[in-house]
Amino acid sequence: MNSCFALRDRHSDPHLTYLLKTGANSIGRLPSSDVCLAASEVSKRHAILTIRARQLCLEDLASKNGTYVDGERIAGRATARGLLPGSELRFGTLAMRLERLPSRDRELAIRLGDHLSVEAPDRSLPDTAACSAWATSDDGLVFDYNYLRSQAPGMQTIYRQLAAVAHSDIPVLISGETGVGKEGMARLVHNSSAAAGGPFVAINCAALPAELIEAELFGIARGTASGVAGRLGKFELAQGGTLFLDEIGEMTPDLQAKLLRALQEKEIQPLGRAAVSINARIVAATNCQLDQKLNDGSFRQDLYYRLAGLELPLPPLRRRCEDIQPLVERFLHVFSRQAGKTIHGITVEALQRLVDHPWPGNVRQLQHEVRRLVYLCPNFQPITSSLVQKAPAEAAEPAIPGINFRTASSLDLATIEHEAVQEALRRAGGNQSRTAPLLGISRDALRRRLRRHGLQ
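Residues numbered from 1 in each chain as written. Predicted model: local features only at pLDDT ≥ 70, side-chain atom pairs only at ≥ 80, totals over all residues. Heavy atoms only, no water.

A. Focus on the sheet that holds strand E14 (residues 172–175). Strand order across the open sheet formed by 5 strands is E15-E18-E21-E14-E22, with parallel pairing between neighbours. Each edge of the open sheet is held by one strand with a lone partner, namely strand E15 (200–204) and strand E22 (310–313). Adjacent strand axes in the sheet meet at a mean angle of 15° when their direction is disregarded. With 4 bridges connecting them, E14 and strand E21 (residues 281–286) associate as parallel partners. Its bridge partner lying in E21, valine 172 is registered against valine 283. In the packing of helix H2 (residues 153–165) onto the sheet, the strands contacted are E21 and E22, and the crossing angle to E22 comes to about 160°. (Pairing = 2+ DSSP bridges. Helix = DSSP H or I, 4+ residues; strand = E, 2+ residues; numbered from the N terminus. Axes fitted to C-alpha atoms, helices over the stretch in contact; angles between N-to-C directions. Contact = heavy atoms within 4.5 Å.)

B. Structural context of the packing of helix H9 (residues 324–339) against helix H10 (residues 348–356). One can describe the packing of H9 onto H10 by two numbers: an axis separation of 10 Å at closest approach and a directional angle of 120°. The way H9 lies across H10 gives a crossing that is right-handed. For the pair formed by H9 and H10, the contact residues are Ile324, Gln325 and Val328 on the first element and Leu351, Leu354 and Val355 on the second. (Left-handed = near helix turned anticlockwise from the far one by under 90°.)

C. View of the nonpolar core. Within the largest apolar cluster, 31 residues are counted, with the highest numbers of intra-cluster contacts made by Leu217, Phe235, Leu245 and Ile248. When residues of this core are traced back to their parent elements, those giving at least two are E15, helix H4 (210–218), strand E18 (242–246), helix H6 (253–265), E21, helix H7 (290–296) and helix H8 (301–307). Ranked by residue count, the leading element in this core is H6, at 5 residues. Setting aside residues no more than four positions away along its own chain, isoleucine 248 makes contact with Leu173, Cys205, Leu259, Ala284, Ala285, Thr286, Phe299 and Leu307. (Core = buried A, V, L, I, M, F, W, Y, C linked by side-chain atoms within 4.5 Å. Buried < 20%, exposed > 50% of the residue type's maximum accessible area, 1.4 Å probe, protein only.)

D. Molecular detail of the confidence of the model for the protein. Across the protein, the average pLDDT comes to 80, with 80% of residues at 70 or higher. Below pLDDT 50 for its whole length, residues 393–399 participates in 7 contacts with residues either more than four positions away or in separate chains. Low pLDDT, under 50, characterises residues 402–412; the stretch is placed with 16 contacts to residues that sit more than four places away or in other chains. (pLDDT = per-residue confidence, 0-100.)

E. The pattern of salt bridges, seen in detail. Summed over the entire model, instances satisfying the criterion amount to 10 salt bridges. As a salt-bridge pair, arginine 231 and glutamate 216 come within 3.3 Å of each other at their nearest N and O atoms. Linking arginine 231 in strand E17 (residues 231–232) with glutamate 216 in helix H4, this pair joins segments that are 15 residues apart in sequence. (Salt bridge = Lys/Arg side-chain N within 4 Å of Asp/Glu carboxyl O.)

F. Representation of H4 in the model. Among the residues of H4, those classed as buried are Ile213, Glu214, Ala215, Leu217 and Phe218. Downstream of H4 by one or two residues, glycine 219 has phi in the positive range, about 95°.

G. Region of interest: the pairing of strand E11 (residues 94–100). Where strand E10 (residues 88–91) lies against E11, 4 bridges are found, and the strand directions are antiparallel. Opposite leucine 89, over in E11, you have methionine 96 as the bridge partner.

H. Quick peek at H9. Across its 16 residues, H9 extends 22 Å between first and last C-alpha, which sits within 8% of the 22 Å expected from 1.5 Å per residue. Buried within H9 are the following residues: Ile324, Leu327, Val328, Glu329, Arg330, Phe331, Leu332, His333, Val334, Phe335 and Ser336. Two residues or fewer past H9, glycine 340 is found with a positive phi of approximately 65°. (Expected span 1.5 Å × (residues − 1).)

I. Examining the pairing of E10 more closely. Inspection of the sheet shows strand E7 (residues 67–69) paired to E10 by 3 bridges, in the antiparallel sense. Across the sheet, valine 69 pairs through a bridge with leucine 89, a residue of E10. With antiparallel pairing between neighbouring strands as the criterion, E10 and E11 make up a hairpin whose turn holds 2 residues, including glycine 92 at a positive phi of roughly 65°.

J. Representation of the packing of aromatic side chains. All chains considered together, the criterion is met by 7 aromatic pairs. Seen in terms of ring centroids, phenylalanine 143 and tyrosine 147 are 5.5 Å apart; in terms of plane orientation they differ by 45°. Their pairing is tilted. Of the two residues examined, phenylalanine 143 and tyrosine 147, each falls in the buried class. Ring centres 6.5 Å apart and planes at 70° place the aromatic pair tyrosine 147 and tyrosine 159 in the edge-to-face group. Pair noted here: tyrosine 147 is in the loop between strand E13 (142–144) and H2 and tyrosine 159 is in helix H2, with a separation of 12 residues, a long-range link. Judged on exposure class, the residue tyrosine 147 and its partner tyrosine 159 are both buried. Taken together, Phe143, Tyr147 and Tyr159 form an aromatic cluster joined through their ring pairs. One residue, arginine 90, lies across the ring of tyrosine 68, its end atom 4.0 Å from the ring centre. (Phe/Tyr/Trp six-rings, centres within 6.5 Å; stacked < 30°, edge-to-face > 60°. Lys NZ or Arg CZ within 6 Å of the ring centre and 35° of its normal.)

Following this line, the structure appears as structure tokens:
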């Protein structure tokens, strides 16, 4: 539960406010701090302000420029007791006032999490360029500032699987709907691997014309064609690091064959140059159902097996609603800062409306919605439910075609059964363990129907 205290900038920006949580609040320049003060005179780990029911304590962490309470410096690691609302706290030359919040702000802070810095320093978003890794979890995975670790059970399973192979060179295939965070997961694979010290190079296989992707992947020598400047391909640029092949399902069959050969031989053939050995971990991603492409022959099975050393199907946001609240808080930090506004949080009703939304565009759609809410919200006011767009009725997923699979064996029901199994597979991300319960049958029964309909 949050406390009812906040730190407010006294001089440089009187609207800059940090809500404090009950317990220990870390203060410093590190973005992971509860109160992140982006000022040169503040140490990375400067102080700890502890909020208890009947006591306020401030501890200096041997900071370079000192910590002060009402003008008196705290020596070494001594603790200042008896702080009162209205006390001036100084970190170096940066002065803040300890204030008691009105009840409205306390309620909003509780709804949004342990603390809400309404104008926190700008931080990267989950699908922007990565910055330096900063935290290693107990399972050995290395998370950077732009990745918010999910608390959903399905994602916890994915983290455990990834941790088991993180330091190997096993290729990883990430699948999931558009906007679900596939590139963020790819960067997590890279940061947690032995190749973390090397480059992370990404290419979107659907964003370039087929005739250009080969040169982008493998490179091309100068003068190979009229007016063509020589350049290294993504494979060479990723040497010693990770090559991320996004939207791999859109690659043409001809290029699939060349990619397969490169992976098998561990060398590439740049256009107009000699062959080059490659040493990069491959992480691929797709938002399409590769099973269907494998069945109709538009995606090579041998390439699929090369890419899917470990397959990570990311669940859509509507199946991990526990992540919505921390994501909203993260986006509020960023967009309040970008807009130069002081947003007092978000009401219970507004947050619940966001949780109830189906989010067909997943995390990226939620990000854009919170940005819109920040810009529409009046300054110094909370975001209310009247600003949140209602989910259209048609946004909800249609029901799986009704059928009793325990009795459906006649030929006139074959088409309905085929469509129902396909729909259940899509919703479960191709995972058979999750598909069977959706249909109300056992996994063995599901396997029989998959074979019957050619959906293996």
